[in-house]
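Observations on chain architecture
Here are the chains, one letter per residue:
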There are 2 protein chains.
Amino acid sequence: MASNEVRKDYLLNRWVVIAKERKKRPTDFVMNDLSKKGGVCPLCPGNENMTPPAVLVYLSEDGKVRKEKEKNSFRYNDWLLRVIPNLYPVFAPPTQKNLLIKESPELAKAVGHHEVIVESSCHKEQPATARLSQLVHVINAYLDRLAALSKKPYVKHVSIFRNHGHEAGASLSHPHSQLIATPFVPAILEEELEASKSFWNKNSECWLCEVLKKEASGPRFIWENSNFVVFAPWASVNPLEFWVLPKRHQSNMLAMSGDEVKDLAETMRLCLGGLRSLLNDPPYNFGFHTILSEDAKDCYHWHLEVYPRLAIWAGFEKSTGMFINTISPEDAATELRSAVQAEKKALTV
Amino acid sequence: MASNEVRKDYLLNRWVVIAKERKKRPTDFVMNDLSKKGGVCPLCPGNENMTPPAVLVYLSEDGKVRKEKEKNSFRYNDWLLRVIPNLYPVFAPPTQKNLLIKESPELAKAVGHHEVIVESSCHKEQPATARLSQLVHVINAYLDRLAALSKKPYVKHVSIFRNHGHEAGASLSHPHSQLIATPFVPAILEEELEASKSFWNKNSECWLCEVLKKEASGPRFIWENSNFVVFAPWASVNPLEFWVLPKRHQSNMLAMSGDEVKDLAETMRLCLGGLRSLLNDPPYNFGFHTILSEDAKDCYHWHLEVYPRLAIWAGFEKSTGMFINTISPEDAATELRSAVQAEKKALTV
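Just so you know, these numbers come straight off a predicted model, no measurement behind them.

1. What about the overall build of chain A?
When helices and strands are tallied, chain A shows six helices and 16 strands. Here chain A holds 349 residues, and the buried ones make up 59% of them. For chain A, the proportion of contacts with a sequence separation of at least 24, taken over those separated by at least 6, is 69%. Summed over all atoms, the accessible surface of chain A reaches about 14700 Å², with 52% contributed by carbon and sulfur.

2. Details of unusual backbone geometry
Residue and element names in this part refer to chain A. Of note in the backbone geometry, serine 204 takes a positive phi value of approximately 50 degrees without being a glycine. Position of serine 204 relative to the elements: it lies in the loop between α2 (187-203) and α3 (207-215). Phi at leucine 240 takes a positive value of approximately 70 degrees, unusual for a residue other than glycine. Relative to the assigned elements, leucine 240 resides in the loop between β12 (228-231) and β13 (242-246). Its relative accessible area of 1% is what places leucine 240 among the buried residues.

3. What about the pattern of salt bridges?
Inspection of every chain in the model, using the stated rule, returns 35 salt bridges over all chains. With a closest N to O distance of 3.8 Å, glutamate 294 of chain A and lysine 297 of chain A form a salt bridge. For the salt bridge of arginine 82 of chain B with glutamate 70 of chain B, the shortest nitrogen-to-oxygen distance reads 2.8 Å. Within this pair, whereas arginine 82 of chain B is found in strand β5 (residues 79-85), its partner glutamate 70 of chain B is found in the loop between β4 (64-68) and β5, the two being separated by twelve residues in sequence. Given the relative accessible area of 7%, glutamate 70 of chain B is considered buried. Each of Glu61, Arg66 and Glu68 of chain A takes part in one network of salt bridges that share partners.

4. Observations regarding the pairing of strand β10 (residues 176-182) of chain A
Residues and elements named next belong to chain A. Along β10, seven of the seven residues are buried, which leaves the element largely enclosed by surrounding structure. Side chains His176, Gln178, Ile180 and Thr182 project from β10 onto one buried face, and the interleaved Ser177, Leu179 and Ala181 project onto a second face that is buried too. In this structure, strand β8 (residues 113-118) lies alongside β10, joined through six bridges in antiparallel fashion. When the sheet's bridge partners are listed, valine 118 is paired in β10 with histidine 176.

5. A short note on the sheet that holds β5 of chain B
Residue and element names in this part refer to chain B. With respect to topology, eleven strands assemble into an open sheet ordered β4-β3-β5-β8-β10-β9-β14-β15-β13-β12-β11, the strand pairing being antiparallel. At either end of the open sheet lies a strand with only one pairing partner, and these are β4 and β11 (221-224). When the angles between neighbouring strand axes are averaged without regard to direction, this sheet yields 20 degrees. By the bridge criterion, five bridges tie strand β9 (residues 157-164) to strand β10 (residues 176-182) in an arrangement that is antiparallel. The residue of β10 that forms the bridge with serine 159 is isoleucine 180.

6. Description of the sheet that holds β13 of chain A
Residue and element names in this part refer to chain A. Within the open sheet, the eleven strands sit side by side as β4-β3-β5-β8-β10-β9-β14-β15-β13-β12-β11. Their pairing is antiparallel. Lying at the two open borders of the sheet, with one neighbouring strand each, are β4 (64-68) and β11 (221-224). Strand-to-strand, the axes of this sheet are offset by a mean angle of 20 degrees, without reference to chain direction. Sheet strands touched by α2: β9 (157-164), β14 (284-289) and β15 (303-308). Its angle to β14, the strand with the most contacts, is close to 45 degrees. Together, β11 and β13 form the strand contacts of helix α6 (residues 329-348), whose direction differs from that of β11 by roughly 25 degrees.

7. Side note on the pairing of β4 of chain A
Pairing geometry for strand β3 (residues 56-61) of chain A and β4 of chain A, over five bridges, is antiparallel. In the sheet register, valine 57 of chain A faces β4 of chain A, and the bridge partner there is glutamate 68 of chain A.

8. Quick word on helix α6 (residues 329-348) of chain B
The end-to-end C-alpha separation of α6 of chain B is 28 Å, in line with the 28 Å expected for 20 residues at 1.5 Å each. For α6 of chain B, the set of buried residues is Pro329, Glu330, Ala332, Ala333, Glu335, Leu336, Ala339, Val340 and Glu343 of chain B.

9. Regarding the packing of aromatic side chains
A complete count under the given rule lists 21 aromatic pairs over all chains for this structure. Aromatic side chains phenylalanine 74 of chain B and tyrosine 76 of chain B sit 4.8 Å apart centroid to centroid with 85 degrees between the ring planes, which places their arrangement in the edge-to-face category. Since its relative accessible area comes to 40%, phenylalanine 74 of chain B is described here as partly exposed. Joined through ring pairs, the aromatic side chains of Tyr142, Phe228, Tyr284, Phe286, Phe288 and Trp302 of chain A make up one cluster. Taking the ring centre of tryptophan 79 of chain A as reference, the NZ or CZ of arginine 82 of chain A above it sits at 6.0 Å. The ring centre of tryptophan 313 of chain A lies 4.5 Å from the NZ or CZ of lysine 318 of chain B, which sits over that ring.

10. What about the packing of helix α4 (residues 258-279) of chain A against α6 of chain A?
All names here are of chain A. One can describe the packing of α4 onto α6 by two numbers: an axis separation of 8 Å at closest approach and a directional angle of 115 degrees. For the element pair α4 / α6, the angle class is roughly perpendicular. Crossing hand, α4 versus α6: right-handed. Here Glu266, Arg269, Leu270, Cys271, Gly273, Gly274, Leu275, Ser277 and Leu278 of α4 lie close against α6, whose contacting residues are Glu335, Leu336, Ala339, Val340, Glu343, Lys344 and Leu347. Grouping the amino acids of the contact of α4 with α6 by side-chain chemistry returns eight nonpolar, three polar and five charged.

11. Here we look at the side chain of glutamate 48 of chain B
Tracing the chain through its elements places glutamate 48 of chain B in the loop between β2 (15-18) and β3 (56-61). The buried charged residue glutamate 48 of chain B lacks any salt bridge partner; its closest oppositely charged side chain belongs to arginine 82 of chain B, at an N-O distance of 5.5 Å.

12. A word on the packing of helix α1 (residues 132-150) of chain A against α4 of chain A
All names here are of chain A. In the contact formed by α1 and α4, the axes pass within 9 Å of each other and the chain directions differ by 115 degrees. At the point where α1 passes α4, the crossing takes the right-handed sense. Side by side, α1 and α4 meet where Leu132, Leu135, Val136, Ile139, Asn140 and Leu143 of the first sit next to Val261, Lys262, Leu264, Ala265, Glu266, Met268 and Arg269 of the second. Classifying every residue of the contact of α1 with α4 by side-chain character gives nine nonpolar, one polar and three charged.

13. Some remarks on a negative patch on the surface
A cluster of like negative charges, contributed by Glu190, Glu191 and Glu194 of chain A together with Glu190, Glu191 and Glu194 of chain B, occupies part of the molecular surface. Along the chain, the position of glutamate 190 of chain A falls in helix α2. With a relative accessible area of 34%, glutamate 190 of chain A lands in the partly exposed category.

Cut-offs used in this document
Residues numbered from 1 in each chain as written. Chains lettered and ligands numbered in written order. Predicted model: local features only at pLDDT ≥ 70, side-chain atom pairs only at ≥ 80, totals over all residues. Heavy atoms only, no water. Helix = DSSP H or I, 4+ residues; strand = E, 2+ residues; numbered from the N terminus. Buried < 20%, exposed > 50% of the residue type's maximum accessible area, 1.4 Å probe, protein only. Contact = heavy atoms within 4.5 Å. Areas by Shrake-Rupley, 256 points an atom, 1.4 Å probe, with all protein chains shown as cover. Salt bridge = Lys/Arg side-chain N within 4 Å of Asp/Glu carboxyl O. Pairing = 2+ DSSP bridges. Axes fitted to C-alpha atoms, helices over the stretch in contact; angles between N-to-C directions. Expected span 1.5 Å × (residues − 1). Phe/Tyr/Trp six-rings, centres within 6.5 Å; stacked < 30°, edge-to-face > 60°. Lys NZ or Arg CZ within 6 Å of the ring centre and 35° of its normal. Parallel < 35°, antiparallel > 145°, perpendicular 65-115°, else oblique. Left-handed = near helix turned anticlockwise from the far one by under 90°. Nonpolar A, V, L, I, M, F, W, Y, C, P; charged D, E, K, R; others polar. Lys, Arg positive; Asp, Glu negative; His and termini not counted. Patch = residues over 30% accessible without salt bridge, like charges linked within 9 Å, V, L, I, M, F, W, Y side chains within 5 Å. Charge placed at Lys NZ, Arg CZ, Asp CG, Glu CD.

This is the structure in structure tokens:
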């Protein structure tokens, strides 16, 4: 008997089995407390010399934010937030030798940038529990670095992402995000852009504006404020996956206003807080999908995708490109909706 | 300084960073012994009633293999190998109600089959240490089920794969593979087939026949016998990844001769044995890529892809579809080549 469903992504040719038959409940995935490892944290205040000099530091001055850059011989230690080059960059700035990025149809140089955003001086201040004011700094740092790097002639895409928890690939527990600037647009973004363009050509509308209209009031709706909507996507690849969309059409997150930044901070705080309280601080990954090129302006809609890490992609997923998700997006939305509401209440009281 | 490389897959628009800069060595990934959990194993002999009746049992009779099917009320307990339906199938056989597989452009029923191949009656006989004669049974069971299922009118693809170790998604430690028959061709296979066709149209040659010629004697070569070649692919997504290819052009693994089955058993035994001794029994996934449709006959070449599970796909991989591999395929091949040679020596002595 087959009552599991196979669902296609809104846009991509990506199918997901919604395996209701497995009868898993979100709470089946509750994590056990992990005993924390000891050792010196290179991202904590006082240990700045363990990292390369920051490309951007936020300092507090008379209640305002002063922005600085460190020199090789000097480090600030009274910072609110730091952005540092990754010690082991996957993509690194070009030298005279490798200005030629593409060497052959199958070979290119990994020219670009790889940075770490140290989100707080407090070792425990992760987005799920952060002060809203601190999360506003984090988002502003994303935007500052995105603006600076997208001006480089060899940068075609900037990926901003976060790995939370050891199982999600975080090698340091101090709260941090990462940024990788690449000399080409990666596969998923390219596919999204192509499909966005053909949707636009057919419908004279942005596909995610369409999706937003549908999901803002349906069974997969999770949360909204004046500027953002959160929902579990129709063909969620990951259990408890959710997407955060700006209500106003914008292809590039640099278009955000100050009010939108504040509302994004609230949205991330509440939704990641809800996920944390629902599953006892599970590991997760998130990634911003934003496009730099001008020809995306009308057809693409930037957004944030959050992937809780509750399942293992195994032989089937890896050899077929088809995914198995054991929680339906509708059940995921129901659980997350009440967890986020409880979080909002706790924050307001 | 960027000396990391970005490499494109032979065929797909899939790019990988070969991050030599991280200076990882294959032995950096050596696993620690995991303490084994207790409890009753439902796949061990004597516990057959804990599973659904087998769709295929291999029994030994006068040195030959007798093939049987179990009934609801009866189980064999003197088996060499069993194939049973998965208790929680992701794809399940059709009923009268859901003969209509595709309900809308975004929705289909998960009609198909999901089976477990119990590879041995011995709880410890994994392919890396198995008797060759037992591995021949395993491959023959793959072929028997592939032949039976590919005749069903609603089956368009059969995926045969294996998850080894808890971290690779294996929920039971008794050696087993799985088979999932789907009512459509999954994304990766479809992309491969499309690209194979256009390569054929341009070159009147199979792309993997071409690749085989190149890799059979280069820096990524690992092992060969009369009928199979093993190498680390040029743009390996996973550290220590290797592919096993039949030398004779075949699009569907059902075309294998008896001698080829024996040579495949030897190849799997030695390469998985080499991987095991190199990294102290690491988790891995493998998947067969084989195509059923007749129009693949000339252009497609079936093969086995083995993915050691030594890295975590995190926020970057998941949101961009671009992968980071910290071991170059050339280094991987060097290490695997000597490990496989040592394994061959040990097996011959």
